[in-house]
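# Fold and geometry: a report
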Amino acid sequence: MTVRTRYAPSPTGALHIGNVRSGLFAYLFARHAHGAFILRIDDTDTERSTRESLDEILESLRWLGVEWDEGPPDRKYFQSSRYDRYRESALKLLAEGKAYPCFCSAAELDAMRQQATREHRKPGYDGRCRDRTPPAELPKVELPDKKAGRNYTIRFRAPHEGATVVDDLIKGRAVFENREIDDLIIFRSDGVPTYNFATVLDDFDFGITHVVRGDDHLPNTPRQMQIFYALGLEPPAYAHLPMVMGADGQKLSKRHGATSVFAYRDLGYFPEALLNYLVRLGWSHGDQEIFSRQEMFDYFDFASCGKSAGIFNAEKLLWLNFHYLKERPVPQLAQDVKPFIAQRGWTIPGDDAWLERAVATLRERAKTLAELADFASFYILDEIAIEPKAASKFLKPEIAEALDALAGELDSLGADFSEVAIAAAFERVLGRFAIKLGQLAQPVRVALTGGTVSPGIYEVIAVLGRARTVARLRTALVLCTGAI
RNA sequence: GGUCCCAUCGUCUAGUGGUUAGGACACCGGCCUCUCACGUCGGUAACGCGGGUUCGACUCCCGCUGGGAUCACCA
C-alpha cells in the first residue's frame, strides 16, 4: 500500500510555524515512504475563510519548498466544493439512525454548558434530542436548511458502550471510554458540515493512509474513528505530533510575536533554516543538527519523533540561519540581499561584482538577510551618520594629523587600490607618526563606517573605493578638530 | 472540573538495565586580532518526587507532583 499523507490547513489566517511543522512532518513521511503528499483546504468555516489566507498558505508552502503532489488549485481538494458528498453521507447516517436532528438553540446549548460547569459536571452535550421524536410537521428528516424552515443541526449518535482505541504511531495506545464522548454536531443549521465530519470523508475519499497532525487533535480522534465505523469504513493510521510552545510554555500563537512563515521570510531567514529548525524540534537523528532536504527524506520516521512538546527557540533558529547564510555562495547571497536593500529604499552604488565584494566582507557578521542589508548601509549610502559616542572616543585632535596623512597617502595610490596597497599606505603613516595600527584603525573605522564595529579596515577601504574613503576621512578631520 | 497526552542541562535533544549521562543553541572564560564577528580550545549546567521489579535503574511497573491539550453550529 502506498503511503498517502495530507496537510489540511484552514484558510483563516497566516500559516504559522507550529502549524506548518505538522505539514512538514506529513510531507517528510510521504517522501520517506515514496508516497504522496496531499494538500487539502479545510474551508468549511465560511465565516472566517478568506482568499488572502489561502494565498498566503500556498505561497508560504512554496517558499519553504514543501511541494504537494495533489491539491490546489484543483477545486476537488477544497472542502467547500465537496458539500454534495458530505450531504449524501449525512443523509445516509440519518436514514440509518446513526445521526439525528437536534433542535437545541445555540443559547440553550450555552446555558447547558454553563450549568454543567457550575455543577462540576462535564460540559458536553447531554443528549437531550437523541431520542426525541421530531416534530410532526417534519414529513421526514432532511438536512438542515434555515430558509426551508429546517432550523436544526444534525448530531452524530455516538455509541455509549465500550471504548475507542487509538493506536498512535507516536504516542502509543490511548483508550477513550465511549461513555465519555458526547454526540457532536456533524451538520450545522446553515447546512454546512463541521470539521470532524468533513475530515473523515476527505481522509477516506483521498485515500489517506496516515493522518499526521498536531496532538491537539488527539481528543478528536476517537470521534472521527467512530464516524468511520458508523460509515462502515476503516480509519487511517494516526501519528500525533507534540505541540510547539512559546517561551511561556503555552501553545504557540500570534501573541508570541513573529510566528508566521511570512514573518520569517520577511525578516531575512532562509527556508532551509526554518525547515531545519522545525524538523529538529520534536525529531532527531542521533546528534545530527544540520539536515539537507534529501537527508530529511531519507532519515525521517515516527520512531525518532519525541512525545513531548517543544518550546520554540528563536535563538537556535537564528544560529541555523547564520549557518546557511555562511554556506551560501557569495554571488547567490548578493542576489538574496538585493530585495532587502531595495526595501529600505537604497540604491546600490555599484555593479553585482561590487555588491559581492561588499557582501563577502559582511557575511560572517550578519545572521539574517535583513541584518546583512542593514550592516551594508555604510557601503551603500552616500552619507553616513557617525555615532556621537564613537566620535568622541576616537575622533580626537591628536589623531587628526595621522588621519590627514592617511587621506593623502590613499588619495595618491593611483590605479592600485588593493588591500595590499592600502596596507602599505597604512604602514607608511604608522611609521611616520610612530603609532600602532590599533590607534589608527579605530578612528578610521569610525570615519568610514560611522561606528566602532566593521569588517577589517583594509577590506572596508577597498570596497568603499578611493573617492568615498578620502572624502569621509576629510569629513572626519573636521570632527577631530571641532571636538576640542 | 472531566478526558487524553507528556516529563534528561535554561532550550532542542542522544540514551532503549551496567556510560565519567553525549551533542547542539544560549551563557562564561582562553587563544586568534585593527574593532566586531568568524574560527578554535575549554568551562558551568540535567535524569521532578516516592514506592516497587532487579545483583544493578535515567532506562521497566505503580503512585504522586508538575506541565500541556481538549471539552464550539472553529478547524
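Everything numeric here is computed off the predicted structure, so don't read it as measured data.

## Let's talk about the side chain of N178
For N178, the position within the fold is in the loop between β6 (172-177) and β7 (185-187). Within the structure, the side chain of N178 is placed 2.6 Å from the side chain of T164, a separation counted as a polar contact. Dropping the residues within four chain positions of it, N178 is found in contact with P159, H160, E161, G162, A163, T164 and Q226.

## Quick word on the sheet that holds β7
If you walk across this open sheet you meet the three strands as β3-β4-β7, and the pairing is antiparallel. Looking at the sheet topology across the chains shown, the edges are occupied by β3 (99-102) and β7. On average, each strand axis in the sheet is tilted by 45° relative to the strand beside it, whichever way the strands run. One ladder, built from four bridges, connects β3 with strand β4 (residues 153-156); its direction is antiparallel.

## Describing the pairing of β4
Residue alternation in β4 divides its side chains into two sets, T153 and R155 and I154 and F156, and both sets are buried. In this sheet, β7 lies alongside β4 in antiparallel orientation, the contact comprising two bridges. The residue bridging R155 from the neighbouring strand is I185, located in β7.

## Details of the environment of D205
Looking at the element boundaries, D205 is found in helix α5 (residues 195-205). The class for D205 is partly exposed, based on a relative accessible area of 30%. C-alpha separation for the pair D205 and R85, spaced 120 residues apart in sequence, amounts to 9.7 Å. Excluding its chain neighbours within four sequence positions, the residues that come into contact with D205 are R82 and R85. Among the polar contacts made by the side chain of D205, one reaches the side chain of R85 at a distance of 2.7 Å.

## Let's talk about the environment of S105
Within the secondary structure, S105 sits in the loop between β3 and α4 (106-118). Since its relative accessible area comes to 35%, S105 is described here as partly exposed. Distance from S105 to Y152, taken between C-alpha atoms, is 7.9 Å for residues 47 residues apart in sequence.

## Side note on helix α1 (residues 17-32)
Over its 16 residues, α1 runs 22 Å from end to end, which matches the ideal 22 Å to within 8%, given 1.5 Å per residue. Burial runs high along α1: 14 of the 16 residues are buried. At the exit of α1 stands H34, carrying a positive phi of roughly 55°.

## Thoughts on the protein's contact with RNA strand B
Neighbouring residues of RNA strand B: 65 residues in total, closest R188, Q250, G282, E364 and S454. Backbone atoms, meaning sugar and phosphate, make up 71% of the atoms of RNA strand B lying within 4 Å of the protein. One nitrogen or oxygen atom from the side chain of S284 is found 2.9 Å from a phosphate oxygen belonging to RNA strand B. Separating a sugar or linking oxygen of RNA strand B from a side-chain N or O atom of Q442 is a distance of 3.1 Å. Mapped onto the surface near RNA strand B, the elements with two or more residues apiece are α4, β6, α5, β11 (310-311), α10 (314-327) and α18 (437-449).

Calculation criteria
- Residues numbered from 1 in each chain as written.
- Chains lettered and ligands numbered in written order.
- Predicted model: local features only at pLDDT ≥ 70, side-chain atom pairs only at ≥ 80, totals over all residues.
- Heavy atoms only, no water.
- Helix = DSSP H or I, 4+ residues; strand = E, 2+ residues; numbered from the N terminus.
- Polar contact = N/O pair within 3.5 Å; in protein donor to acceptor, adjacent residues only side chain to side chain.
- Contact = heavy atoms within 4.5 Å.
- Pairing = 2+ DSSP bridges.
- Axes fitted to C-alpha atoms, helices over the stretch in contact; angles between N-to-C directions.
- Buried < 20%, exposed > 50% of the residue type's maximum accessible area, 1.4 Å probe, protein only.
- Expected span 1.5 Å × (residues − 1).
- Near = heavy atom within 4 Å.

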